[in-house]
Amino acid sequence: MGAAQLEAAARAALDTVYDPELDEPITDLGFVRSLTAEDGRVTVHLRLPTSFCSPNFAYLMASDSKDALGSLPGAREVTVLLDDHHDSDLINRGLAADAGYRGTFGHEAEQDLEELRGIFRRKAHTAAMERALTALLRARPELTEEQLGDVVLGDLPDTSATRALLRRRTALGLGTDPAEPALVDDDGRPHPPGEIPLRLRFARSVRISVDGNAHFCRGLLRTRYPRSAADQSARPEEFPAGGEPVRAGEPEPAGMSVPAGEPVQAGDLFQLTAPPKENVS
């Protein structure tokens, strides 16, 4: 496999790596700072919105990236480096030695990595379920929330929201047969009819939390690394203070001129705009 082919395959592999908390590919979020492939050696530099992002999330993202790249047929050697994080040295040494999460953090690793992954998979499933069912309610005005207990996966249209829900169910080991109920708990059990509106509202709060965190982290990354907007895939719900959507590759706002690739220092974080309020009615 040539260098160009290996680099393309490596980028495609990183598309499958999701930030555990934000439930978006790290490539869409702009967390991949650089990627090179030469003579079977793949080197990736990752970056995060702040230097103090949770170390367990950071390790999980970096470890998943190394696993995804290590499975490529043409990759003889894979190096994944996390830049500009307060635990960069520790995490990078652990990744290089394949020490694992507990081997890297020792007594500080209070929570098992797979347990942590399971928590975020359940949150991602809940959010995906709400997106798909809310879209169904909007498409079918005659359908009430109380009737969602009768909705099965086969009733959902073939949309990106439905496909995302099926992926999340697969990750949790839940059934994806068209006859399976769509609104279920973490173990795949349907809710009692009287609880359905409450359960949907809970799922909506989880989805808003996930989407809000993703929006905020994207903005933080663009503030810390002003040229990172070109590496982010645009989200239609992202709006800066001026009200116009930010699109990948657009020039940075005035007053934010910083050398490309250089992180902004803490004292320079003078403009942080909270995400717009969302109408959840």
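Cut-offs used in this document
- Residues numbered from 1 in each chain as written.
- Predicted model: local features only at pLDDT ≥ 70, side-chain atom pairs only at ≥ 80, totals over all residues.
- Heavy atoms only, no water.
- Helix = DSSP H or I, 4+ residues; strand = E, 2+ residues; numbered from the N terminus.
- Buried < 20%, exposed > 50% of the residue type's maximum accessible area, 1.4 Å probe, protein only.
- Contact = heavy atoms within 4.5 Å.
- Areas by Shrake-Rupley, 256 points an atom, 1.4 Å probe, with all protein chains shown as cover.
- Axes fitted to C-alpha atoms, helices over the stretch in contact; angles between N-to-C directions.
- Parallel < 35°, antiparallel > 145°, perpendicular 65-115°, else oblique.
- Nonpolar A, V, L, I, M, F, W, Y, C, P; charged D, E, K, R; others polar.
- Pairing = 2+ DSSP bridges.
- Salt bridge = Lys/Arg side-chain N within 4 Å of Asp/Glu carboxyl O.
- 1 Å grid on protein atoms, 1.4 Å probe; cavity = no way out; pocket = protein on both sides within 12 Å on 5 of 7 lines; lining within 4 Å.
- Points joined across faces, edges and corners; volume = space filled by probe spheres on them.
- Phe/Tyr/Trp six-rings, centres within 6.5 Å; stacked < 30°, edge-to-face > 60°.

Peer 1: What exactly am I supposed to notice about the overall build of the chain here?
Peer 2: What the chain contains, in helices and strands, is 8 helices and 3 strands. In sequence order, the chain lays out its α and β elements as α-α-β-β-α-β-α-α-α-α-α. Across the 281 residues of the chain, 43% fall into the buried class. Sequence separation of at least 24 residues holds for 63% of the intrachain contacts in the chain that already meet a minimum separation of 6. In the form shown here, the chain has an accessible surface area of approximately 14,500 Å², with 52% of it arising from carbon and sulfur atoms.

Peer 1: How should the packing of helix 3 (residues 55-70) against helix 6 (residues 113-139) be read in this particular structure?
Peer 2: Helix packing for two helices is described by the angle between their axes and how far apart those axes are. The N-to-C vectors of helix 3 and helix 6 enclose an angle of 95°; their axes lie 11 Å apart at closest approach. Taken together, helix 3 and helix 6 sit at an angle that is classed as roughly perpendicular. Counting all contacts with helix 3, which are made through Asn 56, Phe 57, Tyr 59, Leu 60 and Asp 64, the residues of helix 6 involved are Leu 113, Leu 116, Arg 117 and Phe 120. For the contact of helix 3 with helix 6, the class distribution of residues is 6 nonpolar, 1 polar and 2 charged.

Peer 1: I keep staring at the sheet that holds strand 3 (residues 77-82) and nothing clicks. Help me out?
Peer 2: Strand pairs in the sheet, formed through backbone hydrogen bonds, run parallel or antiparallel to each other. With mixed pairing, the 3 strands of this open sheet are ordered in space as 1-2-3. The open sheet is flanked by strand 1 (32-38) and strand 3, the only strands paired with a single partner. Across the sheet, the mean angle separating the axes of adjacent strands is 10° when strand polarity is ignored. The pairing of strand 1 with strand 2 (residues 41-46) spans 6 bridges and is antiparallel. Looking at strand 2, one finds that Glu 38 is bridged to Arg 41.

Peer 1: Help me out: how do you make sense of the pattern of salt bridges in this one?
Peer 2: Pairing between side chains of opposite charge can happen when the charged atoms of each approach one another. All told, the structure shown has 20 salt bridges when counted by the stated rule. Here Arg 204 and Glu 130 are joined by a salt bridge, their closest N and O atoms 3.0 Å apart. One end of the pair, Arg 204, is in helix 8 (residues 196-224); the other, Glu 130, is in helix 6, and 74 residues separate them in sequence. By the burial criterion, Arg 204 is buried, and Glu 130 matches it. A salt bridge links Glu 145 to Arg 201; the shortest N-O distance between them is 2.6 Å.

Peer 1: Can you help me understand unusual backbone geometry in this one?
Peer 2: With glycine set apart, most residues show a phi of negative sign, and most peptide bonds adopt trans. Its identity as a non-glycine residue notwithstanding, Asp 84 has a phi of 60°, on the positive side. On the basis of relative accessible area, Asp 84 is assigned to the partly exposed category, the value being 31%. For Asp 98, which is not glycine, the phi dihedral falls at a positive 50°. Checked against the element boundaries, Asp 98 lands in the loop between helix 4 (88-96) and helix 5 (100-105).

Peer 1: What is the right way to look at empty space enclosed by the protein in this model?
Peer 2: The gaps of empty space that remain are located by a probe, the size of a water molecule, rolled over the atoms. Evaluated as defined, the whole model comprises 2 cavities of 30 Å³ or more. Taken as a whole, the second largest cavity spans an internal volume of roughly 30 Å³. Among the residues forming the lining of the second largest cavity, the class breakdown is 4 nonpolar, no polar and 3 charged.

Peer 1: Teacher, can you tell me more about the packing of aromatic side chains here?
Peer 2: Where two aromatic rings form a pair, the distance of their centres and the angle of their planes describe that pair. This model, assessed by the stated rule, comprises 4 aromatic pairs. Between Tyr 59 and Tyr 101, the aromatic rings sit 5.6 Å apart at their centres with planes inclined by 45°, giving tilted as the arrangement. Here Tyr 101 lies in helix 5 and Tyr 59 lies in helix 3, a separation of 42 residues in the sequence. Owing to a relative accessible area of 3%, Tyr 59 belongs among the buried residues under this scheme. An aromatic cluster of at least three residues, connected via ring pairs, comprises Tyr 59, Tyr 101 and Phe 105.

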